[in-house]
Each structure stands twice: as C-alpha cells, then as structure tokens.
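# Residue-level structure breakdown
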Amino acid sequence: MKKTNFIQKIKVAPSILAADYSHLAKDIKKVEAAGCDLLHIDVMDGHFVPNITIGPMVVKAIRKITKLPLHSHLMIENPFRYINEFIDAGSDIITVHIETVTKNEINKYKKTVNARGVKLGVSLNPATPVERILPLAGSLDWVLVMSVNPGFGGQEFIPSVIPKIKKLRGVYSCDIEVDGGVNDKNAPLLIEAGANVMAAGTYIFKAKNTKQAMEKLRR
Ligand code: DX5
Ligand code: ZN
C-alpha cells in the first residue's frame, strides 16, 4: 500500500457533548481561549444511535458566538435530507456515517456541499471495516474514525481502531480525526498511526487545566 507523505499540525477538536449545556457559550469560550482548532458538534437522532442531542438550531446559535471552524458530526439516519440545514446553520465540515449512506449519494452531494464552501467527509463505526471507505479515497475531504460506539460521551477507547487509522493514512491525505475516549495516553499512538485531528470531550472539558490538556494531545 502506498504511504502518502503527510506532515501536518495536530488539531484539537473539543467535543461539546461533554460541555455544560446550561453554560454552553461560556464553555466554548473557555476551549477557544485555550487554543483549540475547531469545535466538534455531536448530532444524534435517537435512531442511528440510542441518544438524542441537538439539531441545526444549536449549530446556528454556536455560529454566532465563535469564528472557530464547526464540524457537525451527524449520527443520524438520512443525513443528506438535512445537509442544507446544517450548511445554512454555519457548519464548516460535515461528516455523515458510512453506515447510513451509499457511495453514490456521497459522490452526488460532495459537489453541492463543496460548492457552498463546506467540507464533506465520512465517519465509520468501530465495527465497520475500512474497506468500506477505501474506494472513496480522493473524493472525501475528511474521515472520522470512531473509537467508541457512537451515542454517548465518556466511554472507553477501543484500541483495535489503531490499525484502521494506519490503513486509511496509507491511502488518504485528507484530515483523519479520531473520536471517542481520546486522551493524552492514547493520542501519541493515534498520531503515530496517522491521525491528525483529536476529538475529545470528557478529557478536555473535565480537565483542571484546559490549555495544558490540549497541549498534551498534540505531543
Ligand atoms: C460519541 C461522540 C463523541 C463523544 C466523545 O458518540 O461522537 O464525539 O462525545 O466524547 P469522549 O471524548 O468523552 O469519549
Ligand atoms: Zn462525535
């Protein structure tokens, strides 16, 4: 497998699922001041995953209070039905789960999403083999590798996703983000495997020193 030349700054993406939603703006300002690179926003529908979280209205509200790039991680059935709402709300990156869409849909929507200045990527569950998305290499702007089963924050990292990241980095030169149970212990292994975006909820929002916690993810 061809190894792509990949040298890029490690980005930190606080997952606001672990924020205090009664003080969301305050928590977002805290991670912004501590130097995060983008915000990771978990959208759940109670169908694709057992939990229900937020929709485009909240993304729109967040857009008003920060200039940080916003990544809407759509854990929902029929994601393309709502894609325009999430673009209108101010998302800069949108990922849809490969378990919920066809390759034809991705190829079809990629052009229209990009034409509006937004990146389109796919996420894959821990049990989904990378082979499912390898044929899409070159046609995606972003890949999100789930390292827990989607639905809830605060779960334990699943180490068997590390070889998947290595395989993906062999063929993908775009951003590869890891999401679920990410912390300062596993981040070096993820970076070594080829991931360059660390999504972390509990680890960042529960840290005593937010800036230091984020710096440790970049090492
Ligand atoms: C899980 C979400 C993750 C989660 C990460 O379904 O997609 O973004 O919030 O939270 P931690 O870092 O607590 O595992
Ligand atoms: Zn997520």
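Residues numbered from 1 in each chain as written. Chains lettered and ligands numbered in written order. Predicted model: local features only at pLDDT ≥ 70, side-chain atom pairs only at ≥ 80, totals over all residues. Heavy atoms only, no water.

### Observations regarding the coordination of the zinc ion (ligand 2)
- At this site the zinc ion (ligand 2) is bound by His40 (NE2), Asp42 (OD), His73 (ND1) and Asp179 (OD), with donor distances of 2.0 to 2.3 Å.
- Because the angles between the 6 donor atoms bound to the zinc ion (ligand 2) fall within 72 to 170°, the donor set is best described as octahedral.
- Written as a sequence motif, the donor residues of the zinc ion (ligand 2) are H-x1-D-x30-H-x105-D. Residue His73 is found in strand E3 (residues 70–75), and its partner Asp179 is found in strand E7 (residues 175–179); the two are separated by 106 residues along the sequence.
- Look at His73 and you get buried, because its relative accessible area is 0%.
- Judged by relative accessible area, Asp179 falls into the buried class, the value being 8%. (Donors = N, O, S within 2.8 Å, 3.2 Å for Na, K, Ca; no water. Tetrahedral: all angles 85-135°; square planar, octahedral: opposite > 155°, others 65-115°. Helix = DSSP H or I, 4+ residues; strand = E, 2+ residues; numbered from the N terminus. Buried < 20%, exposed > 50% of the residue type's maximum accessible area, 1.4 Å probe, protein only.)

### Regarding the environment of Gln212
- Secondary-structure assignment places Gln212 in helix H8 (residues 210–218).
- Here Gln212 falls in the partly exposed class, since its relative accessible area comes to 43%.
- When the C-alpha positions of Gln212 and Val161 are compared, they lie 26 Å apart, and in sequence the two are 51 residues distant.

### Considerations on the packing of helix H1 (residues 24–33) against helix H2 (residues 56–65)
- Relative orientation of the contacting elements H1 and H2 amounts to 50°, with a least axis distance of 11 Å. When the interaxial angle is binned, H1 and H2 end up oblique. Between H1 and H2 lies a crossing of right-handed hand. Judged by residue contacts, Leu24, Ala25, Ile28, Lys29 and Glu32 of H1 engage Val58, Ile62 and Ile65 from H2. (Axes fitted to C-alpha atoms, helices over the stretch in contact; angles between N-to-C directions. Parallel < 35°, antiparallel > 145°, perpendicular 65-115°, else oblique. Left-handed = near helix turned anticlockwise from the far one by under 90°. Contact = heavy atoms within 4.5 Å.)

### Observations regarding the pattern of salt bridges
- Taken as a whole and assessed by the stated rule, the structure comprises 11 salt bridges.
- In this structure, the salt-bridge partner of Asp141 is Lys110, at a minimum N-O distance of 3.2 Å. You can see Asp141 sitting in the loop between strand E5 (119–124) and strand E6 (142–146) and its partner Lys110 sitting in helix H4 (residues 103–115), a full 31 residues away along the chain. Lys110 matches Asp141 in its accessibility class, with the two residues each being buried.
- Three or more residues are tied together by salt bridges with common partners; here these are Lys9, Asp37 and Arg218. (Salt bridge = Lys/Arg side-chain N within 4 Å of Asp/Glu carboxyl O.)

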